[in-house]
Amino acid sequence: MSRRLAHALPWIVAAIPVMVALLLASAAEFASAGAILNLLGRLTGIAALSLLLVSAALACRVPGFDLPFGGLTKLWATHHRLGAAALFMVLAHPVLLSLSAATASLDAAALTLVPAGADWAMWSGWIALLAMVVFLAPSFAFFGEPEYQRWRWLHRLSALAVLGALVHTFLLARSLPSALSVGIWGVLAAAALAAVAWRFVFSRRAGRLRYTVAEVARPANNIVELSLRPFEHSLKFSAGQFVYLAPYDRQLAAGYAEEHPYTLSSAPGERALRIAIKDLGDASRAIQSIAPGSEVRIEGPYGDFFPRHDSAEPELWIAGGIGITPFLGRLRHLAATQQSLDARLVYCVQDQARAHFSEELEALAAQVPGFDLTQHFFFREGPLSAEFLATHCPDFVSRRAYICGPDPLLERARSILLRAGVARDQIVTEEFTLL
Ligand SMILES: Cc1cc2nc3c(=O)[nH]c(=O)nc-3n(C[C@H](O)[C@H](O)[C@H](O)COP(=O)(O)OP(=O)(O)OC[C@H]3O[C@@H](n4cnc5c(N)ncnc54)[C@H](O)[C@@H]3O)c2cc1C
């Protein structure tokens, strides 16, 4: 399946209930402005529920499910867009219904919005709307960068929003015949429930592999590289993929059993899994002091950064800071399997002291035929520029680009490449934030 189709499919599925309701609408429902507003009000309600359910179904984190989408970060971008569209529909729904009623009288418009007594059909709708506003609001840039754990906690209110919207729809449903309504909502709700059940219940038992920390290397004072040995089964993965790691070590100052995404820096064939972690917040700071012998649990693999099949296409790699990890994993794999490729890595860091793994990268450049390393020091060269790329990689425009690092570098590199004429589909990115 093409990536474009994979991202379009959830929208198409979410549109089905709306299209069915529209096709079943009678001529009378288009006969006056009030009737049309009423129909639009009901359609936005239907759209809100189907968008919410499809979005919930996409939250499933079964390894491999993200591949057609181009990786989990891309899949979650679609999940978030569906959620934002659901919020827009849910807000438009009562407004359109009360405008429709206002064509008869203002009292009727007010009655449309105010639940009378124990009118659960109405209360459930309001509960869904409020829960959605509270859980989705922090996702919008307007409210600033949300604190991850608070955002995650608020996100659980999505269950209340879905439940409220389902009750509201079943008690008030008028747009779809009841058998069809049960069929459509039943299938979508079952998909959403299965995704959530896997994510929060079954994956904890069946989807996580137990590993022991065998070694802790310290390439810098704010980075550790953990070598992990499996208890039983080892993870199968491709170079550049990432996992969720949860440490089970009570000695850690923070982050006990808390899962965080980290890229595998080891080659797929290595006996140990290696993960390089930079101190970027509470949990990643605490893990700097993890001791050999501690247990961690691993869920994955996820991501689709590098091509799944060998290709002779020339590549440009741009890494920023700890965003070097997927490239490190791929290079270690190429060196271990004695493969060559045509790739030029531009490694962007503040200064030499922060060019972590640079000695190993230089050794790999000598070992892997066709691989070349250029370091870009911000303190000397300033922000990455087209001129810098043209000097160190004159044919950069004709290469397929892979970029990984902090958001500002990602944005800068992407805009340099686009302005230089690189096609959008020749630029592959891996974001290190998932919100
Ligand atoms: C695909 C991917 C691969 C990554 N690979 C690496 C790697 O190889 N090495 C490395 O050092 N870091 C990597 N990161 C970043 C790492 O996940 C965060 O630094 C870590 O989760 C921070 O958690 P914290 O509690 O220490 O910090 P916090 O203060 O909680 O957060 C710091 C930043 O990390 C983000 N973050 C926190 N928790 C999560 C989470 N569970 N999921 C997504 N984002 C989160 C926050 O939005 C914030 O931007 C990767 C992130 C992603 C999405």
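Definitions and cut-offs
Residues numbered from 1 in each chain as written. Predicted model: local features only at pLDDT ≥ 70, side-chain atom pairs only at ≥ 80, totals over all residues. Heavy atoms only, no water. Near = heavy atom within 4 Å. Polar contact = N/O pair within 3.5 Å; in protein donor to acceptor, adjacent residues only side chain to side chain. Areas by Shrake-Rupley, 256 points an atom, 1.4 Å probe, with all protein chains shown as cover. Helix = DSSP H or I, 4+ residues; strand = E, 2+ residues; numbered from the N terminus. Axes fitted to C-alpha atoms, helices over the stretch in contact; angles between N-to-C directions. Parallel < 35°, antiparallel > 145°, perpendicular 65-115°, else oblique. Left-handed = near helix turned anticlockwise from the far one by under 90°. Contact = heavy atoms within 4.5 Å. Nonpolar A, V, L, I, M, F, W, Y, C, P; charged D, E, K, R; others polar. Core = buried A, V, L, I, M, F, W, Y, C linked by side-chain atoms within 4.5 Å. Buried < 20%, exposed > 50% of the residue type's maximum accessible area, 1.4 Å probe, protein only. Domains from an automatic or database assignment. Disulfide = S-S within 2.5 Å. Salt bridge = Lys/Arg side-chain N within 4 Å of Asp/Glu carboxyl O. 1 Å grid on protein atoms, 1.4 Å probe; cavity = no way out; pocket = protein on both sides within 12 Å on 5 of 7 lines; lining within 4 Å. Points joined across faces, edges and corners; volume = space filled by probe spheres on them. Pairing = 2+ DSSP bridges.

The ligand sits among 23 residues. The nearest are His260, Pro261, Ala276, Lys278 and Ser284. Within the backbone of glutamate 259, a nitrogen or oxygen atom sits 3.3 Å from a nitrogen atom of the ligand. Here an oxygen atom of the ligand sits 2.7 Å away from a polar atom, N or O, in the main chain of proline 261. Relative to its free-state accessible area of 880 Å², the ligand is covered by the protein chains to the extent of 90%. For the shell around the ligand, the secondary-structure elements that each account for two or more residues are strand S4 (260–263), strand S5 (273–278) and helix H9 (282–286). Here the element with the most residues in the shell around the ligand is S4; it accounts for 4 residues.

Our focus in this paragraph is unusual backbone geometry. With an omega of 5 degrees, the peptide bond running from glycine 300 to proline 301 counts as cis. Counting through the fold element by element, proline 301 comes out in strand S6 (residues 295–302). Positive phi outside glycine occurs at glutamine 338, with the angle close to 50 degrees. With respect to the element layout, glutamine 338 can be found in the loop between helix H10 (325–336) and strand S8 (343–349).

It is worth spelling out the packing of helix H1 (residues 3–24) against helix H3 (residues 72–102) at this point. Their axes nearest at 10 Å, the elements H1 and H3 cross at an angle of 25 degrees. Judged by the inter-axis angle, H1 sits roughly parallel to H3. Crossing geometry of H1 relative to H3 is assigned as right-handed. Side by side, H1 and H3 meet where His7, Pro10 and Trp11 of the first sit next to Lys74, Leu75, Thr78, Arg81, Leu82 and Ala85 of the second. Taken together, the residues of the contact of H1 with H3 sort by class into 5 nonpolar, 2 polar and 2 charged.

In this structure, Leu52, Leu53, Leu72, Met132 and Trp185 are the most contacted members of the largest nonpolar core, which totals 43 residues. Elements supplying a minimum of two residues to this core: H1, helix H2 (33–58), H3, helix H5 (120–136), helix H7 (157–172), helix H8 (178–207) and strand S3 (242–248). Element by element, the count of residues in this core is highest for H2, at 12 residues. Split by domain, the residues of this core number at least three in each of domain 1 (3–176) and domain 2 (208–302). Those residues in contact with leucine 52, other than ones at most four positions away along the chain, are Ala86, Met132, Ala161, Val162 and Ala165. Ala319, Leu331, Ala355 and Phe371 belong to the second largest nonpolar core, which has 30 residues in total.

Let us look at the state of the cysteines. For the structure shown, the criterion picks out 0 disulfides. Summary of cysteine pairing: cysteine 348 is not part of a disulfide, and the nearest cysteine sulfur, belonging to cysteine 404, is at 12 Å. Residue classification places cysteine 404 among the buried residues on the basis of a relative accessible area of 0%.

Time to look at the domain arrangement of the protein. Split into domains, the protein comes out as domain 1 (3–176), domain 2 (208–302) and domain 3 (315–431). Domain 1 and domain 2 are separated by 38 Å when their C-alpha centres are compared. In this complex, domain 1 contributes 10 residues to the contact, which on the side of domain 2 involves 10 residues. In this structure, the connection of domain 1 to domain 2 is made through 3 salt bridges. At the junction of domain 1 with domain 2, the criterion picks out 3 residue pairs in polar contact (both at pLDDT 80 or more).

What follows is about empty space enclosed by the protein. Scanning the entire structure with this criterion turns up 1 cavity of 30 Å³ or more. Estimated volume of the largest cavity: approximately 40 Å³. Around the largest cavity, the lining residues are Leu245, Pro247, Gly255, Glu258, His260, Tyr262, Ala283, Ser284 and Ile287. When contributions to the lining of the largest cavity are tallied by element, the ones reaching two or more residues are S3, S4 and H9.

In spatial order, the strands read S4-S3-S6-S1-S2-S5; together these 6 strands make up an open sheet with antiparallel pairing. At either margin of the open sheet sits one strand with a lone partner, and together these are S4 and S5. Taken pair by pair, the neighbouring strands of this sheet meet at an average axis angle of 40 degrees, ignoring direction. Note: S3 against S4, 4 bridges, orientation antiparallel. Bridge pairing in S4 links valine 243 to tyrosine 262. Running over the sheet, H8 touches strand S1 (208–220) and S6 and is turned about 75 degrees from S1.

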